[in-house]
Amino acid sequence: MTIQQLDQAINKGELALAIRLGESLYRDSPGSQHVALSLSEAYRQSGKTAQASQTAKQAYHLDPAFVFAQAQYLRCLLPYADHKAMFEILQQALKLDIHDPWCLQVFSDAAVAIDEWQVASEFLGKLEQHSQGVQKAQAQYMRGVSFQVSGMNDKATLLFRAAQHSSGAVAPRALWSLTSVDPAAVTTSELDAALGDPSVSEQEKRYLWQASGQKRHSEGDHEQAFDCWQRANTLSEPLHQYSHQRWEDFFAQLQDGVICGGEFVRSAEAEQTESPVFIVGLPRSGSTLVEQLLVASGQVQALGELRDLEVSVQEVLGRDIRPLPIDISNDDWCRVAQSDLAVHYDKRTASRREKGVIPCDKNPANVLWLGIILNAWPTARIIHVHKAPEAACLGAYRQLFSAAAPWSYRLEDIAHYYHHYRALISFWEDRFPGRILDVQYEDFVSHPKEQGRRIFQYLGLDWRDDLVAGVGQQKGVIPTASSSQVRAGVHQGYLHAWEPYKAQLALFTKAIS
């Protein structure tokens, strides 16, 4: 058995063989960084995230200055979004003169994964200098995204245009992002020409259909807009199949399982942790507006849309990290309840937090973990932001969320998820009355001062009417799909945006009725 055979097995996709070879070689040569790196890659490609990250960590510590070891360790940490470990490696790598495109790509991907967009932009700038073709265009595109989420739309637009003209493979995404920044920056004929280009794959066309929908929506052609979004989602849905039965089982476990797990442990260490503010709901339902109102006060820090709670649950169960839904038995819930989860979460998020302000976790999907939040943090403050059902449906349907929302590509699936999400909210509100604050988006944008005062009173914070004018005006990153819209502040411009689509949404309306 040789290292060459191990690497050949990985390259051929013979992962079971690669793992057997790698484990045997690693037992014989535990000090070989090459063996450890290759074995970690075999684990990673096999979905064995825990073994991959542990083995890559060992390889990294054999020679922390070795750039490829840094990059491989980061790759293996990606499923965990481990901010502390990843940010430390990235800071170390920034000091090095790195030219290798593969490493620079990994470093930029890792920075994006933990929302360190300024760091990502630095690596992407280097990647743009040291790569060609599609990879260079991809670096330009992602650098444009880094400027977009930072509110620098002029710079973002220039880079999106450069990416569009540099490579046909990246052009559809560049046009999609250009349209999201400013629909007037792209013409209908430009989008139609791209859709008619035979060199553009069907999967890349979903970005063009989505952009075409946004463009036609901005022009008031609602029938064509919805048709375009439907075409985009038809192409996206097979990539992120949503199983009604699996999700129904998961929702049942999120209710009954938490109760069967028993009382949650609260150690002395847990009592010393600060209870975060959790903003939950559905994506594109106004949660970022509420978050930015809190940030404008200077009393709350936006941590972003963290996956730390989801990852913490899987880590305390000793699982490899998997996308939701996952199976959690009653015995598993007992382990979660006994795990002192608040401490686990606190340690994971410590490197992101600033002293003297209240941390705010704005991941809408944390609505799934309400039972854990309510039990693990007796003083946690939870704000549930929601829109009218049809508005929430349209907001999800017209956005490409990738794997983050597999339920968002068919109206039937949105209705199914919406029904169970609302039932889950009601379930926990009945058992913990007064712990969850409901904020209706329509009320918030119509009466922001009144609703803002209500939110601040719930949080025990001081309210000022002038805070409303500060929403979206803060410098810095807003890494969400609604970044550009939020920077326009609180207004009623989107209040009735769903109404022209009432006929197209009839299937959803009927299903939730």
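Residues numbered from 1 in each chain as written. Predicted model: local features only at pLDDT ≥ 70, side-chain atom pairs only at ≥ 80, totals over all residues. Heavy atoms only, no water.

With respect to the element layout, Leu96 can be found in the loop between helix H6 (83-94) and helix H7 (101-113). Here the alpha-carbon distance between Leu96 and Arg161, two residues 65 residues apart in the chain, equals 30 Å. Excluding residues that lie within four positions of it along the chain, Leu96 makes contacts with Ala65, Val67, Gln70 and Lys126. (Helix = DSSP H or I, 4+ residues; strand = E, 2+ residues; numbered from the N terminus. Contact = heavy atoms within 4.5 Å.)

Let's shift gears to the packing of helix H5 (residues 67-77) against H6. Running from N to C, H5 and H6 point in directions that differ by 155°, and their axes come no closer than 10 Å. Between H5 and H6, the crossing angle belongs to the class labelled roughly antiparallel. With respect to the hand of their crossing, H5 and H6 are arranged in left-handed fashion. Along the contact surface, H5 presents Gln70, Tyr73, Leu74 and Leu77, while H6 presents Ala85, Met86, Ile89, Leu90, Gln92 and Ala93. (Axes fitted to C-alpha atoms, helices over the stretch in contact; angles between N-to-C directions. Parallel < 35°, antiparallel > 145°, perpendicular 65-115°, else oblique. Left-handed = near helix turned anticlockwise from the far one by under 90°.)

Taken together, the side chains of Phe66, Phe68 and Trp102 present a nonpolar region at the surface, about 260 Å² in accessible area. With respect to the helices and strands, Trp102 occurs in helix H7. (Patch = residues over 30% accessible without salt bridge, like charges linked within 9 Å, V, L, I, M, F, W, Y side chains within 5 Å. Areas by Shrake-Rupley, 256 points an atom, 1.4 Å probe, with all protein chains shown as cover. Salt bridge = Lys/Arg side-chain N within 4 Å of Asp/Glu carboxyl O.)

To continue, consider the packing of H6 against helix H8 (residues 117-129). Contact pair H6 / H8: the axes reach a minimum separation of 11 Å and the direction vectors enclose 40°. Classed by the angle they form, the pair H6 and H8 counts as oblique. Judged by the sense of rotation from one axis to the other, the crossing of H6 with H8 is left-handed. Contacts between H6 and H8 involve Phe87, Leu90, Gln91, Ala93 and Leu94 from the first element and Val119, Glu122, Phe123 and Lys126 from the second. Residues belonging to the contact of H6 with H8 are distributed by class as follows: six nonpolar, one polar and two charged. (Nonpolar A, V, L, I, M, F, W, Y, C, P; charged D, E, K, R; others polar.)

Every α-helical turn comprises 3.6 residues, leaving residues that sit three or four positions apart pointing alike. For helix H14 (residues 222-236), built from 15 residues, the straight-helix expectation of 21 Å at 1.5 Å per residue is met to within 8% by its first-to-last C-alpha distance of 21 Å. Buried within H14 are the following residues: Ala225, Phe226, Cys228, Trp229, Ala232, Asn233, Leu235 and Ser236. Among the structural elements, helix H13 (202-218), helix H22 (389-397) and helix H23 (411-431) are those in contact with the buried residues of H14. (Expected span 1.5 Å × (residues − 1). Buried < 20%, exposed > 50% of the residue type's maximum accessible area, 1.4 Å probe, protein only.)

What the rule picks out here adds up to 24 aromatic pairs. For the ring pair Phe226 and Tyr501, a centre distance of 6.2 Å and an interplane angle of 35° mean the geometry is tilted. Taken as a pair, Phe226 in helix H14 and Tyr501 in the loop between helix H26 (483-486) and helix H27 (506-512) lie far apart in primary sequence, 275 residues in all. Accessibility classification places Phe226 together with Tyr501 in one group, the buried group. The rings of Tyr242, Trp247, Phe250, Phe251, Trp369, Trp407 and Tyr417 are connected pair by pair, giving a single aromatic cluster. Of note, Lys387 hangs over the ring of Tyr441, and the distance from its end group to the ring centre comes to 4.6 Å. (Phe/Tyr/Trp six-rings, centres within 6.5 Å; stacked < 30°, edge-to-face > 60°. Lys NZ or Arg CZ within 6 Å of the ring centre and 35° of its normal.)

The subject of this paragraph is the environment of Ala137. Within the element layout of this structure, Ala137 appears in helix H9 (residues 133-149). Linking Ala137 and Ala169, residues 32 residues apart in sequence, is a C-alpha distance of 8.6 Å.

Most of strand S1 (residues 277-281) is tucked away, with five of its five residues classed as buried. What you see with S1 is no split at all: Val277, Ile279 and Gly281 on one side and Phe278 and Val280 on the other are buried throughout. Both S1 and strand S3 (residues 358-361) contribute to a ladder of two bridges, which runs parallel. Each residue of the ladder has a partner; that of Phe278, found in S3, is Asp361. Pairing analysis gives five bridges linking S1 to strand S4 (residues 381-386), with the strands arranged parallel. For Val280, the partnering residue across the bridge sits in S4 and is His384. (Pairing = 2+ DSSP bridges.)

Between its terminal C-alpha atoms helix H15 (residues 244-260) stretches 24 Å, which fits the 24 Å expected from 17 residues at 1.5 Å a residue. Within H15 the residues assigned to the buried category are Trp247, Phe250, Phe251, Gln253, Leu254, Gln255, Gly257 and Val258. Among the structural elements, helix H19 (330-337), helix H21 (370-376) and H23 are those in contact with the buried residues of H15. One or two residues past the end of H15 sits Gly262, with phi positive at roughly 85°.

Below, the discussion takes up the state of the cysteines. Any covalent bond linking the sulfur atoms of two cysteines counts as a disulfide. Summed over all chains, the structure comprises zero disulfides. Of the cysteine sulfurs around Cys393, a residue in no disulfide, the closest is that of Cys228, at 17 Å. (Disulfide = S-S within 2.5 Å.)

Judged by pairing direction, the sheet is parallel, and its five strands sit side by side in the order S2-S3-S1-S4-S5 without closing on themselves. Of all strands in the sheet, those with a lone pairing partner are strand S2 (300-304) and strand S5 (436-440), marking the two edges. The average angle at which neighbouring strand axes cross in this sheet is 25°, direction not considered.

Core analysis: the biggest nonpolar cluster contains 139 residues, and Phe107, Leu368, Trp369, Ile372 and Tyr417 have the highest contact counts within it. No other element matches the 10 residues that H23 contributes to this core. Every residue in contact with Ile372, bar those within four places of it in the chain, is listed here: Phe264, Leu309, Val313, Trp333, Val336, Leu341 and Trp377. By size, the runner-up hydrophobic cluster in this structure holds 27 residues, among which are Leu294, Val385, Val445 and Leu495. (Core = buried A, V, L, I, M, F, W, Y, C linked by side-chain atoms within 4.5 Å.)

For the rest of this paragraph, the subject is the pattern of salt bridges. Applying the stated criterion across every chain yields a total of 22 salt bridges. Here Glu190 makes a salt bridge to Arg161, at a shortest N to O gap of 2.6 Å. On the criterion of sequence distance, the pair formed by Glu190 in helix H12 (residues 188-195) and Arg161 in helix H10 (residues 153-166) is long-range, its members being 29 residues apart.

Quick look at unusual backbone geometry now. Residue Leu324 is joined to Pro325 through a cis peptide bond whose omega torsion reads 5°. Mapped onto the fold, Pro325 is located in the loop between helix H18 (308-316) and H19. Phi at Ala81 is positive, roughly 45°, even though this residue is not glycine. Within the element layout of this structure, Ala81 appears in the loop between H5 and H6. One non-glycine residue with positive phi stands out, namely Asp340, at about 55°. Here Asp340 lies in the loop between H19 and helix H20 (341-349). A relative accessible area of 12% means that Asp340 is categorised as buried.

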